[in-house]
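Structural overview
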Amino acid sequence: MLQISDYSVAYGQSTIIGDMNLTLNPNEIIAVLGRNGMGKTTLMKSLIGMIPSQGGSVTLKNKELTPLKSFERVAAGVGFVPQGRMIFSTMTVKENIETGLTSTGKKVIPSDLYELFPVLDEMKDRRGGNLSGGQQQQLAIARALASEPSVLLLDEPTEGIQPSIIKEMARTLKKIRDKRGLSIMVSEQVLSFALDVADRILVIEKGKIVLDVPVAEADQETISKYLSV
Amino acid sequence: MFAEYTASELTSIFAMQGFAGLILFSVFVLMALGLAIIFGQMGVINMAHGEFMILGAYVTYLVSHLFADYMPESLYNSYFLIAMVLAFFVAGALGAFVEWAMIRHLYKRPLDTLLATWGLSLIMQQTYRTVFGAREVGVVLPDWLMGSVQLTDMIEIPINGIFVMILTVVITIGVAIMMQRSRLGKQTRAVVQNRPMAAAVGINTEKVDRLTFALGCGIAGIAGSAFTMIGSTGPTSGQLYIVDTFLVVVFGGAASLLGTVASAFTISQAQSTMEFFLSGSMAKVLTLLTVVGILMLRPEGLFTLKIRR
Ligand SMILES: Nc1ncnc2c1ncn2[C@@H]1O[C@H](COP(=O)(O)OP(=O)(O)OP(=O)(O)O)[C@@H](O)[C@H]1O
Ligand SMILES: [Mg+2]
């Protein structure tokens, strides 16, 4: 599905992601864990084309993504939910989701999106900026799903969200995967959420993957050690 | 300064100056609309905006001549509508070309775009001078736009002025609806809010930039069409309006259409009424001072959206 090989990303002289290799299989959910500043956001942003990569390749269904601009990557099947959600705050909930329709050419929001997130249907005409953090997170996911991605990237979706809702989000993400048959890559610091949602756990440390295990074999102790300072 | 007039004279002065102000208001609104859309979208201050307006005026002038020379006289009455549409597309097409050839290479460099568009304005002025001559040209108004409506024996209102105002209202509402409802409008607003994020949800931001720039210039073209109804067109006529238009945009708050309209109204009325009693430059100075004063109190302009960011 998504194949990342010998991939590196740098800000000027400082290399943040170095020679990374990672495969995301069809229908798989992987969680990339790492402490603050280990390069999770950098990886995600470069995959969607917000920051340029330095070397290596990223292919989605055998299509090379690195020369593409952000909007072309979305058309190729990448969906992105950024850290901090970044919804369009002065636009209504409905309009926010509609921006995601651009690459599909559709005009009407498919009803199954509202079925996944009933709150958004209730709040259709509210401005995005006036939603709560959790609601904004749902909106950001709905907006990304509107472009009908085959790979969904989520950057720390649990940030600033209360535990009970985090549990629900794990359920929702799995539901989305099962319903739409897509692959999901989520970056995280909350181990319990990662164990809950993912099929495979990866740990990123200074831009390198230092651990890659199926969730059944994941040992909480070892991973916690990576996550504590 | 009011002492030497009687009460009824004052009423009619205010009414007629107020109306003259409304025509000025129309030109301001149409100019400011385009300028604000472009500025809001890409942070580019288009110094050549006045020249795009004049392009629309020249297009209108040409069309009126084509109609006068080659079309049956009965059709002359309708030249204006065709001229207006043509002015929109010609100015818009030139705008798209300019964005492609020049502006897009200068994004994030505000001073350079300022200089580049200023240079462009000089080039356009010179081109007009070469093609149309330095003398001002005007159009012959069709019959139905001639004359005026006599309200009282002292107040009369020219029909062409009324027409231009109605036109402005229609276009403003049209643009407002477009920005609210159309796909381009929504994409534009998304890009304005957060450019990288807009791209990351699938919006081709470069295409949106080009279309927005073209739209802004096209509206300036329409403003030029309207302008021929109330003034004569010369190579540098656009210059007279550009500073005032900036004032309107800044005063209104670039993000708000309503703000633009309200500020165009305030500034045009203030100028037009004061011009009668004071000299023109004194009126300008007073307007400017007031605007600066208000902007010190409300740096974001008259209207801002109340929203958590
Ligand atoms: N625009 C930038 N210019 C230079 N360095 C940057 C920039 N953005 C991030 N960095 C650096 O890159 C490194 C990785 O940052 P990144 O945001 O990817 O971390 P993260 O894993 O997402 O952290 P967090 O969990 O806090 O979100 C950090 O050391 C950071 O200081
Ligand atoms: Mg991060």
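Please refer to the structure higher up on the page.
I will try to describe carefully the structure that is included in this document. (Residues numbered from 1 in each chain as written. Chains lettered and ligands numbered in written order. Predicted model: local features only at pLDDT ≥ 70, side-chain atom pairs only at ≥ 80, totals over all residues. Heavy atoms only, no water.)

Residues B:Leu66, B:Tyr70, B:Met71 and B:Leu75 make up a contiguous nonpolar surface patch of roughly 430 Å² in combined accessible area. Within the element layout of this structure, B:Tyr70 appears in helix 2 (residues 49–70). (Patch = residues over 30% accessible without salt bridge, like charges linked within 9 Å, V, L, I, M, F, W, Y side chains within 5 Å. Areas by Shrake-Rupley, 256 points an atom, 1.4 Å probe, with all protein chains shown as cover. Salt bridge = Lys/Arg side-chain N within 4 Å of Asp/Glu carboxyl O. Helix = DSSP H or I, 4+ residues; strand = E, 2+ residues; numbered from the N terminus.)

Looking now at the packing of helix 3 (residues 93–100) of chain A against helix 6 (residues 133–146) of chain A. All names here are of chain A. With their axes 6 Å apart at the nearest point, helix 3 and helix 6 run at an angle of 35° to one another. Relative to helix 6, the crossing made by helix 3 is right-handed. For the pair helix 3 and helix 6, contact is made by Val 93, Asn 96, Ile 97, Thr 99 and Gly 100 and by Leu 139, Ala 142, Arg 143 and Ala 146, respectively. Residue composition of the contact of helix 3 with helix 6, by class: 5 nonpolar, 3 polar and 1 charged. (Axes fitted to C-alpha atoms, helices over the stretch in contact; angles between N-to-C directions. Left-handed = near helix turned anticlockwise from the far one by under 90°. Contact = heavy atoms within 4.5 Å. Nonpolar A, V, L, I, M, F, W, Y, C, P; charged D, E, K, R; others polar.)

Within this model, the second largest pocket holds a volume of roughly 620 Å³. Along the wall of the second largest pocket there are 28 residues; nearest its centre are B:Lys108, B:Arg195, B:Thr205, B:Glu206 and B:Asp209. Elements with a minimum of two residues in the lining of the second largest pocket: helix 2 (70–76) of chain A together with helix 4 (110–132), helix 7 (195–200) and helix 8 (205–230) of chain B. Split into classes, the residues belonging to the lining of the second largest pocket amount to 12 nonpolar, 8 polar and 8 charged. (1 Å grid on protein atoms, 1.4 Å probe; cavity = no way out; pocket = protein on both sides within 12 Å on 5 of 7 lines; lining within 4 Å. Points joined across faces, edges and corners; volume = space filled by probe spheres on them.)

Taken together, the contact between chain A and chain B spans 28 residues of the former and 22 residues of the latter. Taking both partners together, chain A and chain B bury about 2200 Å²; carbon and sulfur atoms supply 59% of that area. At the surface where chain A touches chain B, the tally comes to 3 salt bridges. Note that A:Glu95 is salt-bridged to B:Arg189, the shortest N-O span being 2.9 Å. At the surface where chain A touches chain B, the tally comes to 6 residue pairs in polar contact (both at pLDDT 80 or more). Where the side of chain A that touches chain B is concerned, the elements lending two or more residues are helix 2 and helix 3 of chain A. (Buried area = accessible area lost by both parts, 1.4 Å probe. Polar contact = N/O pair within 3.5 Å; in protein donor to acceptor, adjacent residues only side chain to side chain.)

A separate point is the coordination of the magnesium ion (ligand 2). All names here are of chain A. Ligation of the magnesium ion (ligand 2) by protein atoms is provided by Thr 41 (OG1) and Gln 83 (OE1), these donors lying 1.7 to 2.1 Å from the ion. Of the two residues, Thr 41 sits in helix 1 (residues 40–48) while Gln 83 sits in the loop between strand 6 (78–81) and helix 3, which places them 42 residues apart along the sequence. Judged by its relative accessible area of 23%, Thr 41 falls in the partly exposed class. Gln 83 gets classed as partly exposed once you look at its relative accessible area, which sits at 24%. (Donors = N, O, S within 2.8 Å, 3.2 Å for Na, K, Ca; no water. Buried < 20%, exposed > 50% of the residue type's maximum accessible area, 1.4 Å probe, protein only.)

Phi is positive for A:Arg85, close to 65°, though the residue is something other than glycine. Along the chain, the position of A:Arg85 falls in the loop between strand 6 and helix 3.

As a general point, the strands of a sheet are linked pairwise by backbone hydrogen bonds and lie either parallel or antiparallel. Residue and element names in this part refer to chain A. The strand order across the open sheet formed by 6 strands is 6-7-8-3-9-10, and the pairing between neighbours is mixed. Since the sheet does not close on itself, it has two edges, and those belong to strand 6 and strand 10 (208–214), each with one partner. Going from strand to strand, the sheet's axes swing by 20° on average, the running direction of each strand aside. Packing against the sheet, helix 6 makes contact with strand 6 and strand 7 (151–155), and its axis sits at approximately 165° to strand 6. Contacting strand 3 (29–33), strand 7 and strand 8 (183–188), helix 7 (residues 163–180) crosses the sheet at an angle of about 140° to strand 3. (Pairing = 2+ DSSP bridges.)

This part covers the environment of B:Arg183. Looking at the element boundaries, B:Arg183 is found in helix 6 (residues 183–193). Accessibility expressed as a relative area gives 38% for B:Arg183, which makes it partly exposed. Distance in space between the C-alpha atoms of B:Arg183 and B:Asp112 is 31 Å, their sequence separation being 71 residues. Sequence-distant contacts of B:Arg183, defined by excluding residues within four places in its chain, comprise A:Gly105, A:Lys106 and A:Lys107.

As a further point, take the site of ligand 1. All names here are of chain A. Taken together, 13 residues form the shell around ligand 1, and within it Gly 37, Lys 40, Thr 41, Thr 42 and Glu 156 come nearest. Taking Tyr 11, its side chain carries an N or O atom lying 3.2 Å from a nitrogen atom of ligand 1. Contact between ligand 1 and Gln 189: an oxygen atom at 3.0 Å from a side-chain N or O atom of the residue. Calculation on ligand 1 without its partners gives an accessible area of 630 Å², and the protein chains cover 59% of this total. Looking at side-chain class alone, the shell around ligand 1 contains 3 nonpolar, 7 polar and 3 charged residues. (Near = heavy atom within 4 Å.)

Residues and elements named next belong to chain B. Mapped onto the fold, Ser 121 is located in helix 4. Within the local environment of Ser 121, its side chain forms a polar contact with the backbone oxygen of Trp 118, the two atoms lying 2.6 Å apart. For Ser 121, the residues in contact, after removing those within four places along its chain, are Met 47, Ala 48, Glu 51 and Gln 239.

Take helix 4 of chain B next. Residue and element names in this part refer to chain B. With 23 residues, helix 4 should cover 33 Å at 1.5 Å per step; its first-to-last C-alpha distance of 32 Å lies within 8% of that length. Where helix 4 is concerned, the buried positions are Thr 113, Thr 117, Leu 120, Ser 121, Met 124, Gln 125 and Tyr 128. Buried residues along helix 4 sit against helix 2, helix 3 (79–101) and helix 9 (239–252). Of the residues trailing helix 4, Gly 133 is marked for its positive phi of about 90°. (Expected span 1.5 Å × (residues − 1).)

Here we come to the pattern of salt bridges. Residue and element names in this part refer to chain A. Tallied over the entire structure, the rule returns 16 salt bridges over all chains. Its salt-bridge partner being Arg 200, residue Asp 212 comes within 3.0 Å of it at the nearest N-O pair. Separated by 12 residues along the polypeptide, Asp 212 in strand 10 and Arg 200 in strand 9 (residues 200–205) bring together distant segments of the chain. Each of Glu 28, Arg 200 and Asp 212 takes part in one network of salt bridges that share partners.

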